[in-house]
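Results of the structural survey
Chain by chain, the residues:
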Amino acid sequence: MNDGVIHPVPETWAKEALIDAGTYAEKYRRSVQDPEGFWREEARRLDWLKPFTTVKNTSFDEATFGIRWFEDGTLNLTANCLDRHLAARGDQTAIIWEPDDPATPVRTLTYRQLHEATCRFANLLRAEGVRKGDRVTIYLPMVPEAAVAMLACARIGAIHSIVFAGFSPEALGSRIEDCDSDVVITADEGLRGGKRVPLKANVDAALEHHGKVRRVIMLRHTGADVPMIEGRDLDWATAVASQSTDCPAEEMGAEDPLFILYTSGSTGKPKGVLHTTGGYAVWVGMTHEYTFDYRPHPDSTPQVYWCAADIGWVTGHSYVVYGPLLNGAISVMFEGVPNYPDFSRFWQVVDKHKVEIFYAAPTALRALMREGDDWVKKTSRSTLRLLGSVGEPINPEAWEWYYNVVGDARCPIVDTWWQTETGGHMITPLPGATDLKPGSASKPMFGVQPAILDSEGKELHGACEGALVISDSWPGQMRTVYGDHARFFQTYFSTFPGHYFTGDGCRRDEDGYYWITGRIDDVINVSGHRMGTAEIESALVLHERVAEAAVVGMPHDIKGQGIYAYVTTTSGTEDSDDLRKELIQWVRREIGPIATPDVLQFAPSLPKTRSGKIMRRILRKIAENDTGNLGDTSTLADPGVVDDLLANRPKT
Ligand code: WT7
């Protein structure tokens, strides 16, 4: 079973790339047989203040559980992203900012300018009493100041927690509270596809009910007239004006926290995924270099690299900011959306900035594919040499369109599988080494030991399908759930003792290629964004008319998965279309637009076992419209419930 199409490594790539097939095999072998030696060498990509002596001190077992890399070394990440580039490439562009509206002027920041802006802002944070280990919440649009704010935190050892600027005040507030952060950095408004997003107003609303925030630093971006609260709010530009551009970098232990990023799980509220400094930096620097074959041209000019993700997600952390800057790259930062002003926008930006490496999510590609090839074909894209995909499985049809139409059958595609928890790429082709199979994330990155287990936890060999686990630690692994180490162990290491459980299902073919089949827990992936079904259910039951709710994923042509909600209303409530609309808006307001249910079905009762557990398997089948094969319903307390759900499925 070879799953049809194979695109072999193009000859020039095999010849010129950093890693060819032979090098991959040899380096991979070394990375798992001699991790100490392998990582000792890889860690040389960083400037350490105090060199580490221990490389790896990790255990996935309950009695000895702990994950530590390079633990006695010290460094500062911004010294590695900025200072050390100044001598050789201080005047080289670090960030090209492409605004939402193509008529707005582009901004570029050189490494020297980014260094200065970071130092000024870091000094401001210090002056405001922010110290090593303090948590700072960042709620900013895609503007260069977002990178500046992140780097400034890392400069002084503060832990940043970025909240995606599309999240609601409620979601923002609970994240501020969870990590106990007392400083928030925001902007007056964001801009996306010509629409204004009221960021400062959202912060004000969040802080009414949540947390103990003493300082809000606000960037003026659109210039909207927003109220400022005396004694709490500071204007970014005014406040940094008096700060020095010289800011000594805090000496950080390799295992000192770098950032927290909230992500959804199968149960409970979102978890604060915590990444630390040294291992994360080695991981994102290495994967950005190898996966994207990122290196200067032979004449030593840098390549233009564009990752279209938002800094609100881990992809933005690792592959818009930290990875590229570690490698001295030119990183394009895009404020806008793929369909504004029209469907050519991505490709016009590629032409405008002569982008060579382009990295985006399948959901955007599927949406553009639907609009036809002309939007692509009327642009040149001649500078492109490599394409990347991230966030969800890419269906072979979208893969081929990306390859043939966007890349003119010239550019390899790296389909990178990874997670917020993994810090960076885990399973991915390397463009000079891996023959491509559309839809497969292909082979493990150096140091990654994937295994496939059956439901009893027995490891399967050869071609097989089951649960994807990782059998040993890698430097970019998350270290804990902020404030809840027990939850960290419980969530990831208790299902299959001794292994990190990814939550994904996976097939391995005869050539050892991995094919991610999607989540096998109660997490759904909507347009490459992770949503916990429990989170949406909690939002629904907060409504006074909702007694109970169950949420599952459903197939969706563009989003990959859509959200299907079953709702039981309180007795005496009339299940009207108006109430349906109200509940859909309710979730949107509670969490944010990405959580908007696609379908909401009123269910007088939900299918439950005699012990009261909701049988989600049946709800999923109904949502998928796969009703011929509901499986065994005999354990249901009331099998009649299913007929009722089937009869009342809303038309979609
Ligand atoms: C989940 C992680 C990866 C950073 C952005 C999303 C799915 C991610 C792929 C891929 C198939 C993928 C998985 C994973 N996923 N990349 N290339 N092929 N599935 O990070 O929000 O933490 O979500 O996204 O299901 O578990 P995240």
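Because the structure is predicted, anything quoted here is derived from the model rather than measured. Within each chain, residues carry numbers counting from 1 in the order of the written sequence. Totals for whole chains, interfaces and linings use every residue, but because this is a predicted model, local features are given only for residues with pLDDT of at least 70 and side-chain atom pairs only at 80 or more, for both listing and counting. With hydrogens and water excluded, all non-hydrogen atoms of the structure serve as input to the side-chain values.

Here the focus is helix α7 (residues 169–178). Each residue gets one of three labels from its accessible area relative to the maximum for its type: buried under 20%, exposed over 50%, partly exposed in between, using a 1.4 Å probe on protein chains only. Segments assigned H or I by DSSP are reported as helices when at least four residues long, segments assigned E as strands when at least two residues long, and all are numbered from the N terminus. Within the span of α7, buried status applies to Ala 171, Leu 172, Gly 173, Arg 175 and Ile 176. Residue contacts are defined here by distance: any two heavy atoms, one from each residue, within 4.5 Å place the two residues in contact. Packed against the buried residues of α7 are β6 (135–139), β8 (183–187), α8 (199–209), β14 (257–263), α17 (533–541) and α18 (577–590).

This part takes up the packing of aromatic side chains. Aromatic rings from Phe, Tyr and Trp, taking only the six-membered ring of Trp, are treated as a pair when their centres fall within 6.5 Å; an angle between ring planes under 30 degrees marks them as stacked, one over 60 as edge-to-face, and anything in between as tilted. This model, assessed by the stated rule, comprises 45 aromatic pairs. Pairing Phe 164 with Phe 167 gives two aromatic rings, centres 5.9 Å apart and planes at 85°, and the pair type is edge-to-face. Taken as a pair, Phe 164 and Phe 167 share a single burial class, namely buried. Among the aromatic residues, those joined into a ring-pair cluster are Tyr 24, Tyr 28, Phe 38, Trp 39, Trp 48, Phe 52, Trp 69, Phe 70, Trp 283, Tyr 290 and Phe 446. In our convention, an over-ring charge means Lys NZ or Arg CZ found within 6 Å of a ring centre and within 35 degrees of that ring's normal. Lying across the ring of Tyr 513, Lys 437 places its NZ or CZ 4.5 Å from the centre.

Moving on, we get to the side chain of Arg 175. Along the chain, Arg 175 falls in helix α7. When sequence neighbours within four positions are dropped, the list of residues in contact with Arg 175 reads Val 163, Phe 167, Tyr 262, Pro 270 and Glu 535.

Note: two strands are recorded as paired if DSSP finds a minimum of 2 bridges between them. Judged by pairing direction, the sheet is mixed, and its 8 strands sit side by side in the order β12-β11-β8-β6-β7-β14-β15-β24 without closing on themselves. Each edge of the sheet is formed by a strand with only one pairing partner; in this case those strands are β12 (233–235) and β24 (480–481). Pairing analysis gives 4 bridges linking β6 to strand β7 (residues 159–162), with the strands arranged parallel. Its bridge partner being in β7, Ile 138 is matched across the sheet by Ile 162. The axes used here are C-alpha line fits, helices contributing only the stretch in contact, and every angle between their N-to-C directions lies in the interval 0 to 180 degrees. Across the sheet, helix α6 (residues 144–156) touches β6, β7, β8, β11 (215–219) and β14, and the angle it forms with β6 is around 175°. In the packing of helix α11 (residues 314–326) onto the sheet, the strands contacted are β7 and β14, and the crossing angle to β14 comes to about 140°.

Our focus in this paragraph is the site of the ligand. Lining the immediate environment of the ligand, one finds 17 residues, of which Asp 415, Thr 416, Thr 420, Asp 504 and Arg 530 sit closest. Any N or O atom pair separated by 3.5 Å or less is treated as a polar contact, with the protein-specific requirement of one donor-capable and one acceptor-capable atom, and with residues adjacent in sequence counted only for side-chain atom pairs. Between the ligand and Gly 391 there is a distance of 3.1 Å, counted from a nitrogen atom to a backbone nitrogen or oxygen. Each accessible area is a Shrake-Rupley result for a 1.4 Å probe, and residues are judged covered by the shown protein chains and nothing else. Within the complex, 96% of the 550 Å² of free accessible area of the ligand lies under protein. Secondary structure elements with two or more residues in the shell around the ligand: α11, β20 (413–416) and β26 (514–519). Residues are classed as near a molecule or strand on a simple rule: at least one heavy atom within 4 Å of it.

Time to look at the UniProt feature "domain: Acetyl-coenzyme A synthetase N-terminal" (unreviewed entry) in the chain. UniProt annotation of "domain: Acetyl-coenzyme A synthetase N-terminal" (unreviewed entry) refers to residues 24–81 when read in the numbering used here. Between the C-alpha atoms that bound residues 24–81 there is a distance of 26 Å. The span itself is 40% helix and 17% strand. UniProt positions are given in the numbering used here, feature names are shortened, and annotations may be inferred rather than shown by experiment.

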